[in-house]
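As a plain string of letters, each chain reads:
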Amino acid sequence: MYIMKCSLNENFSRGELNRYGNIELSPSSGVLNYGQGLFEGLKAYRREDGRLFLFRPEQNALRMKMGAERMCMPSPSVDQFVDAVKQTVIANKRWVPPPGKGSLYIRPLLIGSGPVLGLAPAPDYAFLIYASPVGNYFKEGLSPLNLVVDDEFHRATPGGTGGVKTITNYGPVLKAQTRAKAKGFSDVLFIDAVKKKNLEEVSSCNIFIVKGSVISTPATHGTVLSGITRKSIIEIARDYGYQVEERSVPVDELIDADEVFCTGTAVVVAQVGSITYQGKRFVYKTGAGTVSQRLYLNLTGIQMGLVEDKKGWIVEVDGAFS
């Protein structure tokens, strides 16, 4: 794991690699008492020749900087972030699965590690990165997901932190998610907290609906996270000639949608087979020949080196050849 530290109003300096293990925190640390923490998620992929690659790591760095500003935290520079990720991958290269068998999930954390009893930004901060080999995020694997719309619990509220990747965004979904899974659903699709009529996102991924040649996804206006996979899929879809709309998407549009799919670093592109809303179940196209499969194959092809990267999204991890 990689560790780098700094104090408030200072800049991060050189970090170092350590054996993966527990970290020591003050009981009054900012992250434990006031949720002053951010995390990111990205993956390293192994190609047939053994080389390792990252997908748009600078976007994760920029998103962390944006989140850090919202949470009154210092953050690593983009170069520091990307270099630290590369060092972590090189140190863990034996754990990167073979091509097509998974990837190495990389988890950067930025936390208020210093003690602060009164409500205020912590005096000290730690930037950590650890990694783990992963396969499919959902237990369904590549099978279509079955979602349920929850209109009782909400993931985020206007003016809150729903648009940045703070740790405090994820605890609130657990109750709804646990309840949904107990009823046999894959996950929860949340709607807005004010009007309770517009789609926002699933617990840990963005949502898209397809109707003809139009692909719609909720706009990122503070309560929806700007996913890097989301951003990439929008670009790929527009390259294919689809009309992509980032806007408020009423829940009623689920009724006559052709397809629905989710995007995220962990799930990549996951087809949705059905969504249940207020006791009614709506079913969507899945499998071969769908828009979502076309986008999935293009994106993963770029990530795995099977499709030419014309956008400069792929970053090689120097020194990781094995």
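Residues numbered from 1 in each chain as written. Predicted model: local features only at pLDDT ≥ 70, side-chain atom pairs only at ≥ 80, totals over all residues. Heavy atoms only, no water.

Summed over the entire model, instances satisfying the criterion amount to 14 salt bridges. Arg-51 serves as the salt-bridge partner of Asp-49, at 2.8 Å between the closest nitrogen and oxygen. The exposure class of Asp-49 is partly exposed, given its relative accessible area of 37%. A salt bridge links Glu-201 to Arg-155; its shortest N-O distance comes to 3.5 Å. Residue Glu-201 is located in strand E10 (residues 199–202), and its partner Arg-155 is located in the loop between strand E8 (145–150) and helix H4 (174–182); the two are separated by 46 residues in the primary sequence. (Salt bridge = Lys/Arg side-chain N within 4 Å of Asp/Glu carboxyl O. Buried < 20%, exposed > 50% of the residue type's maximum accessible area, 1.4 Å probe, protein only. Helix = DSSP H or I, 4+ residues; strand = E, 2+ residues; numbered from the N terminus.)

Most peptide bonds take the trans form, and the phi angle of most residues other than glycine is negative. Residues other than glycine seldom take positive phi values, yet Asn-9 does so here, at roughly 70 degrees. With respect to the helices, strands and loops of the structure, Asn-9 is situated in the loop between strand E1 (2–7) and strand E2 (16–17). Exposure remark for Asn-9: the relative accessible area of 76% places this residue in the exposed category. Although it is not a glycine, Lys-196 sits at a positive phi angle of roughly 55 degrees. Within the secondary structure layout, Lys-196 lies in the loop between strand E9 (187–191) and E10.

Another point: the packing of aromatic side chains. The final tally for this structure, using the stated rule, is seven aromatic pairs. Ring geometry for Phe-208 against Phe-261: centres 4.9 Å apart, planes inclined by 5 degrees, an arrangement best described as stacked. Of this pair, Phe-208 sits in strand E11 (residues 206–211) while Phe-261 sits in strand E14 (residues 259–264), and the two are 53 residues apart along the sequence. Residue Phe-208 is classed as buried on the basis of its relative accessible area, which comes to 1%. (Phe/Tyr/Trp six-rings, centres within 6.5 Å; stacked < 30°, edge-to-face > 60°.)

What follows concerns the UniProt feature "modified residue: N6-(pyridoxal phosphate)lysine" (unreviewed entry) in the protein. The positions UniProt marks with the feature "modified residue: N6-(pyridoxal phosphate)lysine" (unreviewed entry) are Lys-165. Among the secondary structure elements, Lys-165 is positioned in the loop between E8 and H4. (UniProt positions renumbered as here; feature names shortened; annotations may be inferred.)

Attention now goes to H4. The complete set of buried residues in H4 reads Ala-176, Gln-177 and Ala-180. All buried residues of H4 fall inside an arc of 95 degrees around its axis, so they share one side. Exposed residues lying more than 90 degrees from the buried face of H4 are Lys-175, Thr-178 and Ala-182. Looking at the buried residues of H4, the elements they touch are E8 and E9. The first or second residue beyond H4 is Gly-184, which carries a positive phi of 95 degrees. (Arc of directions from axis to C-beta. Contact = heavy atoms within 4.5 Å.)

With respect to the helices, strands and loops of the structure, Thr-276 is situated in strand E15 (residues 268–277). A residue is classified by how much of its surface remains accessible, and Thr-276, at 13% relative accessible area, is buried.

What follows covers helix H2 (residues 57–70). Relative to the 20 Å expected for 14 residues at 1.5 Å per residue, H2 spans 20 Å between its end C-alpha atoms, a close match to the ideal helical length. Buried residues of H2: Pro-57, Gln-59, Asn-60, Ala-61, Arg-63, Met-64, Gly-67 and Ala-68, and no others. Once H2 finishes, Cys-72 follows within two positions and takes phi at roughly 60 degrees, a positive value. (Expected span 1.5 Å × (residues − 1).)

Right, let's get into the pairing of E1. Direction of pairing for E1 relative to strand E7 (residues 124–134): antiparallel, over a ladder of six bridges. By the bridge assignment for E7, Lys-5 is matched with Ala-126. Where E1 lies against E2, two bridges are found, and the strand directions are antiparallel. Along E2, the bridge assignment pairs Tyr-2 with Leu-17. (Pairing = 2+ DSSP bridges.)

Here we take up the packing of H2 against helix H3 (residues 78–91). Running from N to C, H2 and H3 point in directions that differ by 125 degrees, and their axes come no closer than 9 Å. Overall, the two elements H2 and H3 adopt an arrangement that is oblique. In this structure, the crossing between H2 and H3 has a hand that is right-handed. Contacts between H2 and H3 pair Pro-57, Glu-58, Asn-60, Ala-61, Leu-62, Met-64 and Lys-65 from the former with Val-78, Phe-81 and Val-82 from the latter. (Axes fitted to C-alpha atoms, helices over the stretch in contact; angles between N-to-C directions. Parallel < 35°, antiparallel > 145°, perpendicular 65-115°, else oblique. Left-handed = near helix turned anticlockwise from the far one by under 90°.)

Before going further, it helps to examine the nonpolar core. Formed by 30 residues in total, the largest nonpolar core has its most connected members in Leu-54, Phe-81, Val-85, Val-89, Ile-106, Leu-110 and Phe-127. Counting residues per element, the ones that place at least two in this core are E1, strand E4 (42–46), strand E5 (52–55), H2, H3, strand E6 (103–112) and E7. Here the element with the most residues in this core is H3; it accounts for five residues. In this structure Leu-54 touches Lys-43, Ala-44, Val-85, Lys-86, Val-89, Ile-106, Trp-313, Ile-314, Val-315 and Val-317, once residues within four positions along its chain are discounted. In this structure, Leu-189, Ile-191, Val-202 and Ile-275 belong to the second largest nonpolar core, which totals 23 residues. (Core = buried A, V, L, I, M, F, W, Y, C linked by side-chain atoms within 4.5 Å.)

Counting through the fold element by element, Ala-193 comes out in the loop between E9 and E10. Not counting chain neighbours up to four residues away, the residues in contact with Ala-193 comprise His-154, Ala-156 and Thr-157.

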